[in-house]
Amino acid sequence: MSDANSRTDSYDDTYTESQVIMTTVKIIAPFTLTYGLFLVFHGANTPGGSFQGGTIVGVTVLMLAFAFGIEPTRRWLRDGVLVGLATGGVAIFTAVGLGMIALGGNFLEYDRLYYELGIKQKWGLEAIEIGGISLIVSSVIITLFFAMAAGFTPDRQNGARTETGAETPAERRDRGRGAGSSDTEVSDDD
């Protein structure tokens with residue numbers, strides 16, 4: 001068996017099934033999700049807001065990933081869904097802003113809704129808060145978490161890229177020793 005295969009086989013996955021954590025997340029997740037959505041939907045009228053609510057919704061998904069495994073959660077929430085949520089949030093934000101310009105005002109000037117259409121300006125703010133900011137924040141938090149978690153795979157124990165065939169620092173060190181070298185070398189990596 002080669003050295004690379006033995007390193008991969010001895011790799012200890014970061015996920016450990018814990019009944020305590022799984023049960024706790026099963027109990028807490030519905031409440032944190034509800035509180036996050038409450039902040040999102042009442043963000044323009046009460047303390048909190050869509051940024052904080054989107055953060056809590058994103059962190060609820062992170063709790064699920066910690067409890068039930070990062071890879072199963074990543075498969076459940078595919079990249080396309082996360083990109084769609086972030087893109088949809090940016091599109092809603094931009095559409096509302098450009099809509100105000102089309103009504104003769106400035107970017108995000110909600111007064112134009114009332115003067116031109118008879119709609120309270122509150123609804124423009126709600127569209128930005130609920131449809132824009134909360135979607136962007138929650139999807140970015142989840143995406144950043146998955147991107148950071150992707151660095152810890154059997155092929156990339158030290159964070160070095162090996163998918164393209166590049167050597168890890170340990171492989172360079174082992175190759176540089178040669179056949180007759182002593183194995184008593186101390187590494188700074190440990």
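What comes next concerns the included structure. Residue indices begin from 1 for each chain and proceed along its sequence in written order. Restriction of local features to residues with pLDDT of at least 70 applies here, the model being predicted, together with a cutoff of 80 or more for giving and counting side-chain atom pairs; totals for whole chains, interfaces and linings are based on all residues. Remark: hydrogens and water are excluded; side-chain values derive from all non-hydrogen atoms of the structure.

Some words on the overall build of the chain
Secondary structure summary: the chain contains eight helices and zero strands in total. Numbering goes from the N terminus for both helices and strands, where a helix is a DSSP run of H or I of at least four residues and a strand is a run of E of at least two. Order of helices (α) and strands (β) in the chain, N terminus to C terminus: α-α-α-α-α-α-α-α. Only protein chains enter the area calculation, which uses a 1.4 Å probe; residues under 20% of their type maximum are buried, those over 50% are exposed, and those in between are partly exposed. Relative to its full complement of 190 residues, the chain shows a buried share of 28%. Intrachain contacts of the chain at a sequence separation of at least 6 include 58% that bridge at least 24 residues. Values of accessible area rely on a 1.4 Å probe in the Shrake-Rupley scheme; residue burial ignores everything except the protein chains shown. Accessible area of the chain: about 12,000 Å², with a carbon and sulfur share of 62%. Contact criterion: two residues are considered in contact whenever any of their non-hydrogen atoms come within 4.5 Å of each other.

Comments concerning the environment of K26
Tracing the backbone shows K26 in helix 2 (residues 19-41). The exposure class of K26 is exposed, given its relative accessible area of 55%. In this structure the C-alpha to C-alpha distance between K26 and L64, which are 38 residues apart in sequence, comes to 8.2 Å.

Details of the environment of F68
Inspection of the secondary structure puts F68 in helix 3 (residues 50-68). Remark: the alpha-carbon pair of F68 and I21, spanning 47 residues in sequence, is separated by 8.9 Å.

Description of a nonpolar patch on the surface
Here the term patch refers to residues with relative accessible area over 30% and no salt bridge, with like charges joined within 9 Å and nonpolar side chains (Val, Leu, Ile, Met, Phe, Trp, Tyr) within 5 Å. One side-chain nitrogen of Lys or Arg within 4 Å of one carboxyl oxygen of Asp or Glu is enough to make a salt bridge. A contiguous nonpolar patch, built from I27, I28 and F31 and spanning about 320 Å² of accessible area, is present on the exposed surface. Along the polypeptide, I27 turns up in helix 2. According to the relative accessible area criterion, I27 is exposed, its value standing at 52%.

Points about the pattern of salt bridges
Per the stated rule, a full pass over the model turns up two salt bridges. Where E71 meets R74, a salt bridge forms, and the shortest distance between an N and an O atom there is 3.1 Å. Here E71 and its partner R74 are both found in helix 4 (residues 70-76), three residues apart, which amounts to about one turn of the helix.

A word on the nonpolar core
Membership of the largest hydrophobic core is limited to ten residues, which are V61, L62, A65, I70, L77, L82, I142, F145, F146 and A149. Elements that contribute at least two residues to this core include exactly helix 3 and helix 7 (122-149). Element by element, the count of residues in this core is highest for helix 7, at four residues. Dropping the residues within four chain positions of it, A149 is found in contact with I70 and R74. With five residues, the next largest nonpolar core counts V96, M100, Y110 and I128 among its residues. In this description, a nonpolar core means a group of buried Ala, Val, Leu, Ile, Met, Phe, Trp, Tyr and Cys residues linked to one another through side-chain atoms lying within 4.5 Å.

Some words on the packing of aromatic side chains
Two rings belonging to Phe, Tyr or Trp (six-membered ring only in the last case) form a pair when the distance between their centres is within 6.5 Å. Interplanar angles under 30 degrees mark stacking, angles over 60 mark edge-to-face geometry, and anything in between is tilted. Taken as a whole and judged by the stated rule, the model has four aromatic pairs. Ring centres of F93 and F107 lie 6.3 Å apart, and the angle between their planes is 50°; on these two criteria the pair is classed as tilted. Residue F93 is found in helix 5 (residues 79-102), and its partner F107 is found in the loop between helix 5 and helix 6 (111-117); the two are separated by 14 residues along the sequence. Between F145 and F146 the ring centres are 5.8 Å apart and the planes differ by 50°, which places this aromatic pair in the tilted class. No difference in accessibility class separates F145 from F146, as the two residues are buried. Ring pairs connect the aromatic residues F66, F145 and F146, which therefore count as one cluster. A cation over a ring is seen here: K122 above W123, with NZ or CZ 4.9 Å from the ring centre. Counted as over-ring charges are cases with an Arg CZ or a Lys NZ within 6 Å of the ring centre that also lie within 35 degrees of the ring normal.

Quick notes on the packing of helix 5 against helix 7
Angles here are taken between N-to-C directions and fall from 0 to 180 degrees, while the axes themselves are lines fitted to C-alpha atoms, restricted in helices to the stretch in contact. For the pair helix 5 and helix 7, the least separation of the axes is 8 Å and the interaxial angle reads 150°. With respect to their mutual orientation, helix 5 and helix 7 come out roughly antiparallel. For the pair helix 5 and helix 7, the sense of crossing is left-handed. Between helix 5 and helix 7, the residues in contact are L82, L85, A86, G88, G89, V90, I92, F93 and V96 and G124, A127, I128, G131, G132, I133, L135, I136, S139, I142, T143 and F146, respectively. Ten residue types, Ala, Val, Leu, Ile, Met, Phe, Trp, Tyr, Cys and Pro, are classed as nonpolar, four, Asp, Glu, Lys and Arg, as charged, and the remainder, Gly among them, as polar. Per-class residue counts for the contact of helix 5 with helix 7 are 14 nonpolar, seven polar and no charged. Each angle receives one of four descriptions, namely roughly parallel if under 35 degrees, roughly antiparallel if over 145, roughly perpendicular if within 65 to 115, and oblique otherwise. For any helix crossing, the convention is left-handed if the near helix is rotated counterclockwise from the far helix by under a right angle, and right-handed if that rotation is clockwise.

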